[in-house]
Each structure stands twice: as C-alpha cells, then as structure tokens.
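Chains, contacts and geometry: an overview
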Amino acid sequence: MSDTAGRKTDHLRIAREEAVETSANASAWAGVELTYQALPEVDLEAVETTVAFLGKRLELPLLIGAMTGGTEEAHAINRTLAEAAQRTGVGLALGSQRIMLERPETAATFAVRDVAPDVLLLGNLGAVQLNLGVGPELATQLAHDVGADGLALHLNAAQEAIQPEGDTRFAGLAERMREVVPRIGVPVGVKEVGSGLSAETVERLATVPELAWLESAGKGGTSWTRIEGMRSPSEAGRTLGELFAEFGVHTVMSLFHALRHGAGKPVIASGGLRTGLDAAKALAMGAHLTAMALPMLKAAAHGVDAVVAEIEAFARQLRTAMFLVGARTLEELRAVPVHGF
C-alpha cells in the first residue's frame, strides 16, 4: 500500500471509530436563531426544496461532503454514497484525487457515474498541488477522468501542518490560483476542510478569476488536525495535533465571511452541519447549498438504505424548519430574519 493509500485508510478508520469532532460541534449552529411563525401562511406539503447548481437540479440543497478515494474500501464507500445520491437527488463531492497523480490506476476507486449518472458530482484536489507541479491540463484531466461537473480545490493548511507527510508550500498560492483556475476546463470552486475561512482569505479568493463557488467548512465539525495528530507516530506529533484540534474560524463566522467578502459567489455551507435545521439556518444566512460528510460516512457503513434514510431525515427536518418560519421556497428562506451571530 502506498503512503497516500495508507493515509486514506487511516483517515477512514479514525473518522469512524474515534472522537474526531471539535468540542464546539454539539452547539456549532445553536447560536443562530430563526424566527418562529405561529401563523406561517404556508402549507407544509407545499414547501419546495429544489435548487440548481452548475446546471444540475438537486431535490435538496445538499451535497454529500468530500470524504475518500484511492483504495478498495474507499471505492465501496464512494459507490454506496453515489447510489444514495442518485436515489435522493442530492449532490456528491469526491475525496481528494491526489492519489490519482501518483497512481493513475486508482481512478477506478473514484468511478461512480455508472451508478449515479444524474447527480451533481464534484472532483477534488488540494490547492497546494498547484504549487507542486499540477497545471490546468492535469487538473482538467482529473475532473474529466471521473466525469465530474466541477472541481473543488481544497485548502487545508492546518491539516497539512500536522500531517506527518504534509505539503506546506503555500507561499504564492493565491497568485498561482489566479493563473491556473481560469484555464481549467470545468467550473472550479475553493473549499476549506474544517478550519474555516477568514475575511482576509475570502477577499484573496474573490480575486481569483472565474472562481465558481466557495465552501466555508468552518470549525465545529470534524477536526482534521485532531485526526492527523492521532495518526502521528510520535508523542510530539500527537500533542501538536491535539493542541490545534480546536484552532480555526468558527463555522458560522466562516460562512459569514464567505457571504460578506466573497464578491457574490455562491457559497456552500459546511462544518458541523448535522441536521436539516442546521442547514435551514445556514441557508437563511445566505448559503446556496449545504454539505455534510461525517454523518454520511457513518451511515455508509450500513449500506445504501442507511444513507438514504439519513438524507430523508435531513429533508424532513429542513422542510419542517422552512414551514415553521413561513418559507415556501429556498429563496423565501434566504429572506427570513436570522439572529444570534
């Protein structure tokens, strides 16, 4: 097993078996409040949750968040998630495709189009790889190889700093993104992985030409610094990971920064979202879509039906929240007053 494949296996095991969420998770979205309407003037059965993104229609404003790929175990998980996405009409973001650069034969572990021909599918690559030799042609090929509708470049400086094998050459990356992104042959977005976006970072990203979306992914859900610390072979590495496990921009503030400083680009809210009510709060703040990963990963261990059940519960929770604030559509939900952040 290659170093990258071994790392991905470690990530899956730790995420499923260990306490990897930040202490803020239980209340990550609790501080955001929606105004209850005792007279909503909306029929619950009339609530409409469809949305369009990158030319695809979604039945819910939900992406199954980026997780994995590159190993046989990851392949099974991706196909389970993809089948569930196809059945429920939500989107799917693949895990990092960096391993495909090292071992092209692993592309098959990301292949899900045969079971999910209609879903919104996003490819995924670490943005730092642009500083390590990846150009627009190779990035485009990674997306085309898996039939992706778009490519997410992920920012994970905190994770890379703790990861024993981490790539930390981030100097000049904003300028490199400005050069490369407009030349990639599919729509490109940028996401954090769980440590959040500051206002300054969003302002830099807003200068990247043709950037199609941002994903906020703030502190409050899975802590990748904690996971990398758990992987460390040394006590010093484990201590470092735990020290920075709670480091970053809170998920609600990360979303706020992306919305306020992102030059009007669509924003996907993620980071500690666990229910449809959490999603309703993020959408009311102005998010275009939401994304959840860890709950879907845990459900995937029990098969496609379990993931579908998780998504159906999310849908019922979201529709109930919209009904209780008097919002028949997602557009009306985005006009609902939000308090507490």
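Everything in this summary refers to the structure shown in the same document. (Residues numbered from 1 in each chain as written. Predicted model: local features only at pLDDT ≥ 70, side-chain atom pairs only at ≥ 80, totals over all residues. Heavy atoms only, no water.)

**Structural notes on the overall build of the protein**
On a plain count of helices and strands, the protein comes out with 14 helices and 12 strands. For a compact globule of 341 residues, the expected C-alpha radius of gyration is about 20 Å, and the protein comes in at 19 Å, within 12% of that figure. For the protein, with 341 residues in total, the buried portion stands at 56%. Put simply, of all contacts in the protein between residues at least 6 apart along the chain, 80% involve residues at least 24 apart. Summing over all exposed atoms, the protein offers an accessible surface of approximately 13500 Å²; the carbon and sulfur share of this is 52%. (Helix = DSSP H or I, 4+ residues; strand = E, 2+ residues; numbered from the N terminus. Rg over C-alpha atoms; globule rule 2.2 N^0.38 Å. Buried < 20%, exposed > 50% of the residue type's maximum accessible area, 1.4 Å probe, protein only. Contact = heavy atoms within 4.5 Å. Areas by Shrake-Rupley, 256 points an atom, 1.4 Å probe, with all protein chains shown as cover.)

**Topic: the nonpolar core**
Counting 98 residues, the largest nonpolar core has Ile 64 and Leu 333 as the members making the most contacts within it. For this core, the leading source of residues is helix α13 (residues 304–324), giving 9 residues. Contact partners of Leu 333, with chain neighbours within four places excluded, come to Ala 280, Leu 283, Ala 284, Leu 318, Met 322, Val 325 and Ala 327. (Core = buried A, V, L, I, M, F, W, Y, C linked by side-chain atoms within 4.5 Å.)

**Focus: the side chain of Ser 216**
Within the secondary structure layout, Ser 216 lies in the loop between β9 (211–215) and α8 (224–231). Given the relative accessible area of 1%, Ser 216 is considered buried. With residues up to four places along the chain from it excluded, the contact list for Ser 216 reads Glu 192, Gly 196, Leu 197, Ser 254, Leu 255, Ile 268, Ala 269 and Ser 270.

**Quick notes on the pattern of salt bridges**
Under the definition given, this model contains 16 salt bridges. We note a salt bridge from Arg 226 to Glu 246, for which the minimum N-O separation is 3.4 Å. Placement of the pair is Arg 226 in helix α8 and Glu 246 in the loop between α9 (235–243) and α10 (251–261), with a sequence separation of 20 residues. A relative accessible area of 27% means that Glu 246 is categorised as partly exposed. Where salt bridges share partners, they join Lys 56, Arg 113 and Asp 149 into one cluster. (Salt bridge = Lys/Arg side-chain N within 4 Å of Asp/Glu carboxyl O.)

**Here we look at the packing of aromatic side chains**
Here the structure, examined in full by the defined rule, presents 2 aromatic pairs. Centre to centre, the rings of Phe 53 and Trp 213 are 5.7 Å apart; their planes meet at 75 degrees, and the pair counts as edge-to-face. Of the two residues, Phe 53 sits in strand β2 (residues 51–53) while Trp 213 sits in strand β9, which places them 160 residues apart along the sequence. Classification of Trp 213 by relative accessible area gives buried; the value is 0%. (Phe/Tyr/Trp six-rings, centres within 6.5 Å; stacked < 30°, edge-to-face > 60°.)

**Here's the deal with the layout of surface pockets**
The computed volume of the largest pocket comes to approximately 430 Å³. Taken together, 19 residues form the lining of the largest pocket, with Leu 155, Ala 157, Phe 170, Thr 201 and Arg 204 sitting closest to its centre. Elements supplying a minimum of two residues to the lining of the largest pocket: α5 (157–162), α6 (173–180) and α7 (199–205). Looking at the lining of the largest pocket, its residues break down into 11 nonpolar, 6 polar and 2 charged. (1 Å grid on protein atoms, 1.4 Å probe; cavity = no way out; pocket = protein on both sides within 12 Å on 5 of 7 lines; lining within 4 Å. Points joined across faces, edges and corners; volume = space filled by probe spheres on them. Nonpolar A, V, L, I, M, F, W, Y, C, P; charged D, E, K, R; others polar.)

**Thoughts on a nonpolar patch on the surface**
A cluster of nonpolar residues, Leu 240, Leu 243, Phe 244 and Phe 247, forms a patch on the protein surface that exposes about 400 Å² of accessible area. Locating Leu 240 in the fold gives a position in helix α9. (Patch = residues over 30% accessible without salt bridge, like charges linked within 9 Å, V, L, I, M, F, W, Y side chains within 5 Å.)

**Considerations on unusual backbone geometry**
The backbone phi angle of Leu 54 is positive, close to 50 degrees, even though this residue is not glycine. You can see Leu 54 is positioned in the loop between β2 and β3 (56–58). For Ala 217, which is not glycine, the phi torsion reads 35 degrees and is therefore positive. Looking at the element boundaries, Ala 217 is found in the loop between β9 and α8.

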